Amino acid sequence: MKRILFIDRDGTLIEEPADEQIDAFEKLKFVPGMIRNLAFIREKLDFEFVMVSNQDGLGTPAFPENTFWPVHNFILQTLEGEGITFDDILIDPHFPEDNAPTRKPGTGMVEKYMHDPDYDIANSYVIGDRETDRSFARNIGCKSLILSDEGMSWGKIAELLFAGERTAEISRTTKETDIHVSVNLDGTGHCDISTGLGFFDHMLEQIGKHGMIDLTIHTKGDLEVDEHHTIEDTAIALGECILQALGSKRGIERYGYALPMDDCLCSVCLDFGGRPWLVWDAEFKREKIGEMPTEMFLHFFKSLSDAAKMNLNIKAEGQNEHHKIEGIFKALARALKMAVRRDIYHYELPSTKGML
(Lines give C-alpha, C1' and ligand atoms only; values in the text may rest on other atoms or scores of the structure.)
Protein backbone atom coordinates (compact mmCIF):
# COMPACT_ATOMS: atom_id res chain seq x y z
CA MET A 1 0.00 0.00 0.00
CA LYS A 2 1.12 3.54 -0.74
CA ARG A 3 1.89 6.08 1.97
CA ILE A 4 1.61 9.85 1.71
CA LEU A 5 3.28 12.88 3.21
CA PHE A 6 0.66 15.66 3.25
CA ILE A 7 2.97 18.67 3.36
CA ASP A 8 1.89 22.18 4.29
CA ARG A 9 3.56 25.01 2.37
CA ASP A 10 3.67 28.31 4.28
CA GLY A 11 5.60 27.88 7.53
CA THR A 12 6.71 24.36 6.58
CA LEU A 13 8.47 24.65 3.23
CA ILE A 14 8.91 28.42 3.34
CA GLU A 15 9.09 30.75 6.32
CA GLU A 16 6.08 32.91 7.04
CA PRO A 17 6.90 36.62 7.56
CA ALA A 18 5.27 38.64 10.34
CA ASP A 19 2.43 39.78 8.06
CA GLU A 20 1.88 36.16 6.85
CA GLN A 21 2.06 37.32 3.23
CA ILE A 22 4.72 36.15 0.77
CA ASP A 23 3.88 38.93 -1.67
CA ALA A 24 7.40 39.68 -2.90
CA PHE A 25 10.48 37.65 -3.83
CA GLU A 26 12.55 39.36 -1.15
CA LYS A 27 10.24 37.86 1.51
CA LEU A 28 10.84 34.34 0.31
CA LYS A 29 12.97 32.18 2.65
CA PHE A 30 13.06 28.42 2.79
CA VAL A 31 12.72 26.77 6.19
CA PRO A 32 16.23 25.81 7.38
CA GLY A 33 17.19 22.22 6.63
CA MET A 34 14.07 21.62 4.55
CA ILE A 35 15.68 21.13 1.14
CA ARG A 36 18.43 18.75 2.27
CA ASN A 37 16.15 16.59 4.39
CA LEU A 38 13.16 16.55 2.07
CA ALA A 39 15.47 15.52 -0.77
CA PHE A 40 16.79 12.73 1.47
CA ILE A 41 13.25 11.55 2.20
CA ARG A 42 12.35 11.65 -1.50
CA GLU A 43 15.44 9.62 -2.43
CA LYS A 44 15.40 7.05 0.36
CA LEU A 45 11.72 6.45 1.12
CA ASP A 46 8.60 5.57 -0.86
CA PHE A 47 6.17 8.23 0.35
CA GLU A 48 4.12 10.15 -2.18
CA PHE A 49 4.39 13.93 -1.69
CA VAL A 50 1.13 15.90 -1.63
CA MET A 51 1.26 19.64 -0.95
CA VAL A 52 -1.85 20.83 0.90
CA SER A 53 -2.27 24.52 1.66
CA ASN A 54 -5.01 26.82 2.95
CA GLN A 55 -3.09 29.87 1.81
CA ASP A 56 -3.27 31.22 -1.69
CA GLY A 57 -1.02 34.19 -0.98
CA LEU A 58 1.50 33.43 -3.71
CA GLY A 59 -1.05 33.14 -6.49
CA THR A 60 -2.55 29.86 -7.72
CA PRO A 61 -4.53 28.72 -10.73
CA ALA A 62 -7.61 29.59 -8.67
CA PHE A 63 -6.35 33.19 -8.51
CA PRO A 64 -4.38 33.68 -11.76
CA GLU A 65 -4.63 37.45 -11.47
CA ASN A 66 -2.29 37.34 -8.46
CA THR A 67 0.94 38.88 -9.72
CA PHE A 68 3.06 36.68 -7.46
CA TRP A 69 2.17 33.36 -9.06
CA PRO A 70 5.83 33.30 -10.24
CA VAL A 71 6.92 32.98 -6.59
CA HIS A 72 5.04 29.70 -6.25
CA ASN A 73 6.54 28.49 -9.52
CA PHE A 74 9.99 29.49 -8.30
CA ILE A 75 9.55 27.38 -5.15
CA LEU A 76 8.51 24.33 -7.16
CA GLN A 77 11.32 24.76 -9.68
CA THR A 78 13.91 25.20 -6.95
CA LEU A 79 12.79 22.07 -5.15
CA GLU A 80 12.62 20.10 -8.38
CA GLY A 81 16.24 21.04 -9.04
CA GLU A 82 17.11 19.29 -5.77
CA GLY A 83 15.14 16.15 -6.64
CA ILE A 84 12.00 17.13 -4.75
CA THR A 85 8.82 16.78 -6.78
CA PHE A 86 5.18 16.66 -5.68
CA ASP A 87 2.79 13.97 -6.82
CA ASP A 88 -0.12 16.32 -6.20
CA ILE A 89 -0.59 19.98 -5.24
CA LEU A 90 -3.82 20.91 -3.47
CA ILE A 91 -4.66 24.55 -2.78
CA ASP A 92 -7.97 25.40 -1.11
CA PRO A 93 -10.20 26.40 -4.04
CA HIS A 94 -12.47 28.39 -1.73
CA PHE A 95 -9.72 30.50 -0.18
CA PRO A 96 -10.20 32.70 1.83
CA GLU A 97 -13.55 31.30 3.10
CA ASP A 98 -12.89 30.25 6.73
CA ASN A 99 -15.65 27.65 6.95
CA ALA A 100 -15.22 25.94 3.60
CA PRO A 101 -15.02 22.12 3.88
CA THR A 102 -11.78 22.24 1.90
CA ARG A 103 -10.08 24.48 4.44
CA LYS A 104 -7.78 22.65 6.88
CA PRO A 105 -8.40 21.07 9.30
CA GLY A 106 -11.35 20.07 7.14
CA THR A 107 -10.56 17.15 4.84
CA GLY A 108 -12.36 18.23 1.70
CA MET A 109 -9.18 18.53 -0.35
CA VAL A 110 -7.91 15.03 0.47
CA GLU A 111 -11.10 12.93 0.48
CA LYS A 112 -9.96 11.09 -2.65
CA TYR A 113 -6.96 9.70 -0.78
CA MET A 114 -8.84 8.89 2.42
CA HIS A 115 -11.27 6.58 0.63
CA ASP A 116 -8.80 4.96 -1.77
CA PRO A 117 -7.96 1.40 -0.60
CA ASP A 118 -4.58 1.61 -2.31
CA TYR A 119 -3.36 4.11 0.32
CA ASP A 120 -2.16 3.32 3.83
CA ILE A 121 -3.56 6.42 5.50
CA ALA A 122 -2.88 5.21 9.05
CA ASN A 123 0.86 5.16 8.32
CA SER A 124 0.87 8.41 6.35
CA TYR A 125 1.81 11.78 7.85
CA VAL A 126 0.85 15.42 7.84
CA ILE A 127 3.94 17.64 8.04
CA GLY A 128 3.05 21.16 9.13
CA ASP A 129 3.76 23.97 11.55
CA ARG A 130 0.42 24.70 13.26
CA GLU A 131 -2.14 23.09 15.53
CA THR A 132 -4.55 23.10 12.60
CA ASP A 133 -2.13 20.75 10.82
CA ARG A 134 -2.19 18.40 13.82
CA SER A 135 -6.00 18.51 13.81
CA PHE A 136 -5.94 17.96 10.05
CA ALA A 137 -3.94 14.76 10.59
CA ARG A 138 -6.38 13.52 13.23
CA ASN A 139 -9.32 14.18 10.91
CA ILE A 140 -7.62 12.30 8.09
CA GLY A 141 -6.70 9.42 10.38
CA CYS A 142 -2.94 9.67 9.95
CA LYS A 143 0.07 10.75 12.02
CA SER A 144 1.58 14.24 12.27
CA LEU A 145 5.00 15.86 12.59
CA ILE A 146 4.71 19.50 13.60
CA LEU A 147 7.67 21.89 13.27
CA SER A 148 6.44 24.16 16.05
CA ASP A 149 6.82 21.32 18.59
CA GLU A 150 9.85 21.61 20.85
CA GLY A 151 12.84 19.81 19.35
CA MET A 152 11.15 19.19 15.99
CA SER A 153 13.06 20.22 12.88
CA TRP A 154 13.36 19.02 9.31
CA GLY A 155 16.38 17.02 10.41
CA LYS A 156 14.33 15.29 13.11
CA ILE A 157 11.46 14.70 10.67
CA ALA A 158 13.80 12.98 8.22
CA GLU A 159 15.30 10.93 11.05
CA LEU A 160 11.94 9.73 12.34
CA LEU A 161 10.62 8.86 8.89
CA PHE A 162 13.82 7.07 7.84
CA ALA A 163 14.92 5.34 11.05
CA GLY A 164 11.62 5.14 12.92
CA GLU A 165 10.40 6.29 16.29
CA ARG A 166 12.33 4.95 19.25
CA THR A 167 9.69 4.08 21.79
CA ALA A 168 9.31 1.21 24.20
CA GLU A 169 6.89 0.12 26.89
CA ILE A 170 7.43 -2.40 29.66
CA SER A 171 5.26 -3.69 32.47
CA ARG A 172 6.97 -5.61 35.24
CA THR A 173 5.07 -7.25 38.09
CA THR A 174 6.52 -9.18 40.99
CA LYS A 175 5.36 -9.93 44.52
CA GLU A 176 7.16 -6.75 45.60
CA THR A 177 6.41 -4.21 42.85
CA ASP A 178 4.06 -3.45 39.99
CA ILE A 179 5.74 -1.18 37.43
CA HIS A 180 4.80 0.34 34.08
CA VAL A 181 7.44 2.27 32.14
CA SER A 182 7.30 3.84 28.68
CA VAL A 183 9.95 5.93 26.95
CA ASN A 184 10.24 7.92 23.75
CA LEU A 185 13.90 8.70 23.10
CA ASP A 186 12.90 11.32 20.52
CA GLY A 187 10.43 13.14 22.73
CA THR A 188 10.21 16.63 24.20
CA GLY A 189 10.83 15.90 27.88
CA HIS A 190 7.24 15.23 28.91
CA CYS A 191 7.12 13.26 32.18
CA ASP A 192 4.42 11.38 34.05
CA ILE A 193 6.15 9.85 37.07
CA SER A 194 4.78 8.38 40.27
CA THR A 195 6.75 5.96 42.44
CA GLY A 196 5.45 6.84 45.88
CA LEU A 197 8.80 8.48 46.70
CA GLY A 198 8.70 12.22 46.07
CA PHE A 199 12.44 12.84 45.85
CA PHE A 200 12.90 9.79 43.59
CA ASP A 201 10.16 11.16 41.29
CA HIS A 202 12.00 14.49 41.20
CA MET A 203 15.26 12.78 40.18
CA LEU A 204 13.61 10.65 37.49
CA GLU A 205 12.01 13.79 36.06
CA GLN A 206 15.52 15.17 35.51
CA ILE A 207 16.19 12.28 33.13
CA GLY A 208 13.16 13.07 31.01
CA LYS A 209 13.37 16.86 31.09
CA HIS A 210 17.09 17.29 30.48
CA GLY A 211 17.39 14.27 28.22
CA MET A 212 14.48 15.35 25.99
CA ILE A 213 12.96 11.92 26.62
CA ASP A 214 9.23 11.42 27.09
CA LEU A 215 9.09 9.31 30.21
CA THR A 216 6.22 7.58 31.99
CA ILE A 217 6.97 5.66 35.17
CA HIS A 218 4.23 4.31 37.43
CA THR A 219 5.51 2.21 40.31
CA LYS A 220 3.55 0.62 43.13
CA GLY A 221 5.95 -0.97 45.57
CA ASP A 222 6.01 -2.43 49.04
CA LEU A 223 7.01 0.82 50.69
CA GLU A 224 5.56 -0.53 53.95
CA VAL A 225 8.64 -2.79 53.96
CA ASP A 226 11.16 -0.21 52.75
CA GLU A 227 12.23 1.71 49.63
CA HIS A 228 14.67 -0.86 48.26
CA HIS A 229 12.41 -2.87 45.95
CA THR A 230 10.71 0.23 44.52
CA ILE A 231 13.99 1.90 43.57
CA GLU A 232 15.77 -1.23 42.32
CA ASP A 233 12.89 -2.55 40.22
CA THR A 234 12.18 0.87 38.73
CA ALA A 235 15.83 1.05 37.63
CA ILE A 236 15.60 -2.40 36.06
CA ALA A 237 12.40 -1.60 34.15
CA LEU A 238 13.72 1.78 32.99
CA GLY A 239 16.99 0.25 31.81
CA GLU A 240 15.19 -2.52 29.90
CA CYS A 241 12.93 0.09 28.30
CA ILE A 242 15.85 2.25 27.16
CA LEU A 243 17.63 -0.80 25.71
CA GLN A 244 14.50 -1.86 23.83
CA ALA A 245 13.89 1.66 22.48
CA LEU A 246 17.48 1.90 21.18
CA GLY A 247 16.73 -0.94 18.78
CA SER A 248 19.61 -1.67 16.41
CA LYS A 249 21.64 1.34 17.68
CA ARG A 250 22.52 2.23 14.11
CA GLY A 251 23.63 5.83 13.68
CA ILE A 252 23.75 6.66 17.40
CA GLU A 253 26.55 8.73 18.92
CA ARG A 254 26.96 6.04 21.62
CA TYR A 255 28.86 8.10 24.18
CA GLY A 256 28.21 11.08 26.48
CA TYR A 257 28.67 14.11 29.43
CA ALA A 258 29.47 16.22 32.53
CA LEU A 259 28.03 19.32 34.22
CA PRO A 260 28.35 21.58 37.27
CA MET A 261 25.48 22.33 39.66
CA ASP A 262 26.11 25.15 42.12
CA ASP A 263 28.87 23.90 44.46
CA CYS A 264 29.07 20.48 42.79
CA LEU A 265 30.79 19.06 39.75
CA CYS A 266 29.11 15.93 38.41
CA SER A 267 30.40 13.70 35.65
CA VAL A 268 28.41 10.94 34.01
CA CYS A 269 30.12 9.28 31.07
CA LEU A 270 28.33 6.41 29.40
CA ASP A 271 28.76 3.95 26.57
CA PHE A 272 25.96 1.96 24.92
CA GLY A 273 28.49 -0.61 23.80
CA GLY A 274 26.54 -3.53 25.24
CA ARG A 275 28.90 -4.27 28.13
CA PRO A 276 27.37 -3.13 31.45
CA TRP A 277 29.73 -1.73 34.05
CA LEU A 278 29.50 0.86 36.80
CA VAL A 279 32.26 3.02 38.22
CA TRP A 280 30.86 4.99 41.19
CA ASP A 281 32.84 7.77 42.85
CA ALA A 282 30.37 9.74 44.97
CA GLU A 283 29.99 9.84 48.74
CA PHE A 284 26.99 11.01 50.75
CA LYS A 285 27.01 11.86 54.44
CA ARG A 286 23.25 12.06 54.96
CA GLU A 287 21.26 8.88 55.48
CA LYS A 288 18.34 10.10 53.35
CA ILE A 289 17.46 12.88 50.93
CA GLY A 290 13.73 13.25 51.07
CA GLU A 291 12.39 9.71 51.47
CA MET A 292 15.24 8.20 49.43
CA PRO A 293 18.08 6.44 51.25
CA THR A 294 21.43 7.67 49.93
CA GLU A 295 22.76 4.07 49.98
CA MET A 296 20.26 3.34 47.18
CA PHE A 297 21.83 5.82 44.74
CA LEU A 298 24.65 3.43 43.81
CA HIS A 299 22.19 0.53 43.67
CA PHE A 300 19.88 2.44 41.32
CA PHE A 301 22.64 3.20 38.83
CA LYS A 302 24.06 -0.33 39.03
CA SER A 303 20.65 -1.82 38.24
CA LEU A 304 20.09 0.72 35.45
CA SER A 305 23.50 0.01 33.94
CA ASP A 306 22.96 -3.75 33.98
CA ALA A 307 19.46 -3.60 32.48
CA ALA A 308 20.35 -1.08 29.75
CA LYS A 309 23.64 -2.86 29.00
CA MET A 310 25.58 0.38 29.27
CA ASN A 311 28.88 1.34 30.80
CA LEU A 312 28.41 4.10 33.41
CA ASN A 313 31.23 6.09 34.95
CA ILE A 314 29.87 8.46 37.62
CA LYS A 315 31.80 10.95 39.71
CA ALA A 316 30.57 13.80 41.90
CA GLU A 317 32.23 16.26 44.24
CA GLY A 318 30.75 19.04 46.36
CA GLN A 319 29.19 19.83 49.72
CA ASN A 320 25.42 19.98 49.23
CA GLU A 321 24.03 16.43 49.14
CA HIS A 322 20.85 17.41 47.27
CA HIS A 323 22.81 19.30 44.62
CA LYS A 324 25.25 16.42 44.26
CA ILE A 325 22.69 13.73 43.44
CA GLU A 326 20.52 16.05 41.36
CA GLY A 327 23.62 17.01 39.38
CA ILE A 328 24.32 13.31 38.77
CA PHE A 329 20.80 12.71 37.45
CA LYS A 330 20.98 15.80 35.23
CA ALA A 331 24.38 14.75 33.91
CA LEU A 332 22.95 11.29 33.19
CA ALA A 333 20.10 12.93 31.27
CA ARG A 334 22.49 15.01 29.17
CA ALA A 335 24.70 11.98 28.59
CA LEU A 336 21.69 10.02 27.37
CA LYS A 337 20.61 12.87 25.10
CA MET A 338 24.06 12.98 23.55
CA ALA A 339 24.55 9.23 23.27
CA VAL A 340 21.17 8.40 21.66
CA ARG A 341 21.43 11.16 19.04
CA ARG A 342 21.21 9.59 15.55
CA ASP A 343 22.85 10.59 12.29
CA ILE A 344 20.84 9.17 9.39
CA TYR A 345 23.46 10.40 6.93
CA HIS A 346 25.97 8.06 8.59
CA TYR A 347 23.58 5.29 9.50
CA GLU A 348 26.07 2.72 10.71
CA LEU A 349 26.84 0.92 13.94
CA PRO A 350 29.38 2.98 15.91
CA SER A 351 31.71 0.03 16.38
CA THR A 352 34.70 -1.48 14.60
CA LYS A 353 33.35 -4.89 15.60
CA GLY A 354 30.25 -4.51 13.46
CA MET A 355 27.95 -5.18 16.41
CA LEU A 356 26.99 -3.69 19.78
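Residues numbered from 1 in each chain as written. Predicted model: local features only at pLDDT ≥ 70, side-chain atom pairs only at ≥ 80, totals over all residues. Heavy atoms only, no water.

K.L.:
Can you walk me through the nonpolar core in this structure?
P.N.:
Leu 238, Phe 272, Phe 300, Phe 301, Ile 325 and Ile 328 are the most contacted members of the largest nonpolar core, which has 55 residues in total. What Leu 238 contacts, discounting residues up to four positions off in sequence, is Val 181, Val 183, Leu 204, Ile 207, Leu 215, Ile 217, Phe 300 and Leu 304. Grouped together as the second largest cluster of nonpolar side chains are 32 residues, Ile 41, Met 51, Leu 79 and Leu 161 included. (Core = buried A, V, L, I, M, F, W, Y, C linked by side-chain atoms within 4.5 Å. Buried < 20%, exposed > 50% of the residue type's maximum accessible area, 1.4 Å probe, protein only. Contact = heavy atoms within 4.5 Å.)

K.L.:
Looking at this model, I keep getting lost on unusual backbone geometry. Mind explaining?
P.N.:
Note: most peptide bonds trans; most residues except glycine with negative phi. Along the chain, Lys 104 connects to Pro 105 via a cis peptide bond; the corresponding omega equals 10 degrees. Within the secondary structure, Pro 105 sits in the loop between strand S3 (88–91) and helix H3 (111–114). Its identity as a non-glycine residue notwithstanding, Met 212 has a phi of 55 degrees, on the positive side. Residue placement: Met 212 occurs in the loop between helix H6 (198–211) and strand S9 (214–221). The exposure class assigned to Met 212 is buried, which follows from its relative accessible area of 16%. (Helix = DSSP H or I, 4+ residues; strand = E, 2+ residues; numbered from the N terminus.)

K.L.:
I'm lost on the sheet that holds strand S2 (residues 48–53) in this one. Help?
P.N.:
Strands belonging to one sheet form pairs held by backbone hydrogen bonds; the direction of such a pair is parallel or antiparallel. On the basis of which strands lie adjacent, the open sheet formed by five strands has the order S3-S2-S1-S4-S5 and parallel pairing. Strand pairing shows two members of the sheet lacking a second neighbour, S3 and strand S5 (143–146), which therefore form its edges. Recorded for the sheet is a direction-independent mean angle of 20 degrees between the axes of neighbouring strands. Against the sheet, helix H1 (residues 34–44) makes contact with strand S1 (4–7) and S2, and its axis sits at roughly 140 degrees relative to S2, the strand it touches most. (Pairing = 2+ DSSP bridges. Axes fitted to C-alpha atoms, helices over the stretch in contact; angles between N-to-C directions.)

K.L.:
Sorry if this is basic, but what is going on with the pattern of salt bridges here?
P.N.:
Where side chains of opposite charge bring their charged atoms close, a pairing between them can arise. Summed over the entire model, instances satisfying the criterion amount to 23 salt bridges. In this structure, Asp 87 and Arg 42 form a salt bridge, with 3.1 Å as the shortest nitrogen-oxygen distance. With Asp 87 in the loop between helix H2 (69–81) and S3 and Arg 42 in helix H1, this residue pair connects regions lying 45 residues apart in the sequence. Across the pair Glu 159 and Lys 156 runs a salt bridge, and its minimum N-O distance is 3.2 Å. Of this pair, Glu 159 and Lys 156 both sit in helix H5 (residues 154–163), separated by three residues, roughly a single helical turn. In this structure Glu 159 comes out as buried when scored by relative accessible area, which is 6%. (Salt bridge = Lys/Arg side-chain N within 4 Å of Asp/Glu carboxyl O.)

K.L.:
Help me understand the environment of Pro 350 in this model?
P.N.:
Its location among the elements puts Pro 350 in the segment after helix H9 (321–339). Considering only alpha carbons, one finds Pro 350 and Leu 238, 112 residues apart in sequence, at a separation of 23 Å. The contacts of Pro 350, once residues within four sequence positions are left out, are Lys 249, Ile 252, Arg 254 and Leu 356.

K.L.:
Explain the packing of H6 against helix H7 (residues 228–246) to me, please; I cannot follow it from the model alone.
P.N.:
For any two helices packed against each other, one specifies the crossing angle of their axes together with the interaxial distance. Where H6 meets H7, the closest approach of the two axes is 12 Å, and the angle between their N-to-C directions is 15 degrees. Taken together, the axes of H6 and H7 lie roughly parallel to each other. Note on packing geometry: the crossing formed by H6 with H7 is right-handed. Along its contact with H6, which presents Phe 200, Leu 204 and Ile 207, the element H7 presents Thr 230, Ile 231, Thr 234 and Leu 238. Residues that form the contact of H6 with H7 fall into these classes: five nonpolar, two polar and no charged. (Parallel < 35°, antiparallel > 145°, perpendicular 65-115°, else oblique. Left-handed = near helix turned anticlockwise from the far one by under 90°. Nonpolar A, V, L, I, M, F, W, Y, C, P; charged D, E, K, R; others polar.)

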